[in-house]
Amino acid sequence: MCRFVAFIGNQPLLLKTLLQEAYHSLITQSRSSKETISGVNADGFGVGWYDFSIDETPAVFRSILPAWNDENLINIAGKVKSNCFIGHIRESTIGSVGISNCHPFAHEQMLFAHNGTIHNFEKIKRDLINNLDQPLYDKLDGQTDSEHFFLLWLSILYQNADGISCQTMRKAMEEALRKINSLLHAREAPLDYRINSVLTTGKELMATRYISTDKRKAHSLYFSRMHHGVVVASERLTNEVDEWKEVPYNHALLIDPELNITTTPLQP
């Protein structure tokens, strides 16, 4: 299964601090993750970051190489600082190994990464696409359930007259989950999916740990206050267990621009 790490803080952090230098960094997890079945995430990687001195849209660098074997990633991570970034390593389930299927996905100011699978996605893919606004449909580039879900979530979010905030992001997430439930039900397919995700504008951030059925175990997700900010990660990056709190399953983790942290149930 995929793994991700995200950071949002009031001071810029060098990307390699979390991607490379941490004891259990994301690059370490790409070849030896602790809380997955295979332990290897070698089907590509990506990193997205913000530089608000330039503009409000994120930069994204993705590759189909394993994260441990890409010198460009090491060079970039050692030279780029940001107040907000997401790193992701992929173990493919739906979609081929290709750059268009690597996370994170970006649209305008939004950045998104996903860990999990929407089982029976092939049964609802056409229906889901029909629920996308035309500009977001035009943006669709890859094959993954993750990208399709991101665009569905955006279609709902952009309809909210209150704009973009942690609360409207959460409400759009609940509505997107309801829509997935409805589409699966209409196709008489089991509700069997997991949405561990992280979404950000670069100024506020939402992470989710969601599982649709109690017949499976929720994927791992943690957060910690460190480096003058908040780190959200699929696996703890340090051996200091007390530094990390587990996100309760079927909850959203909300981090506002002042770095206040709230966990709230997801109720789709």
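These numbers come from a predicted model, not from an experiment.

How each quantity is defined
- Residues numbered from 1 in each chain as written.
- Predicted model: local features only at pLDDT ≥ 70, side-chain atom pairs only at ≥ 80, totals over all residues.
- Heavy atoms only, no water.
- Core = buried A, V, L, I, M, F, W, Y, C linked by side-chain atoms within 4.5 Å.
- Buried < 20%, exposed > 50% of the residue type's maximum accessible area, 1.4 Å probe, protein only.
- Helix = DSSP H or I, 4+ residues; strand = E, 2+ residues; numbered from the N terminus.
- Contact = heavy atoms within 4.5 Å.

As a further point, take the nonpolar core. By size, the foremost hydrophobic cluster in this structure holds 35 residues, and its most contacted members are F149, F150, W153, M173 and I180. Looking at this core, the elements that each hand over two or more residues are β6 (110–115), α4 (121–130), α6 (145–157), α7 (166–186), β7 (194–200), β8 (205–211) and β12 (251–255). With nine residues, α7 is the largest single contributor of residues to this core. Those residues in contact with M173 that lie beyond four places of it in its chain are F149, W153, I195, S197, L199, M206, T208 and L266. Counting residues in hydrophobic clusters, the runner-up holds 25 residues, among them L26, A77, F85 and W244.

An α-helix turns once every 3.6 residues. As a result, residues three or four positions apart point the same way. Turning to α4, its buried residues number three or more, namely F121, I124, D127, L128 and I129. On its buried face, α4 sits against α5 (134–139), α6 and α7.

Below, the discussion takes up the side chain of H24. By secondary structure assignment, the location of H24 is in the loop between α1 (16–21) and α2 (26–32). Every residue in contact with H24, bar those within four places of it in the chain, is listed here: Q29, S32, S33, K34, E235, R236 and L237.

Before going further, it helps to examine the environment of N260. Secondary-structure assignment places N260 in the loop between β12 and β13 (261–265). Residue class for N260 comes out partly exposed when judged on its relative accessible area of 42%. Spatially, the C-alpha atoms of N260 and E204 are 9.7 Å apart, while their sequence positions differ by 56 residues. Dropping the residues within four chain positions of it, N260 is found in contact with R225, L254 and I255.

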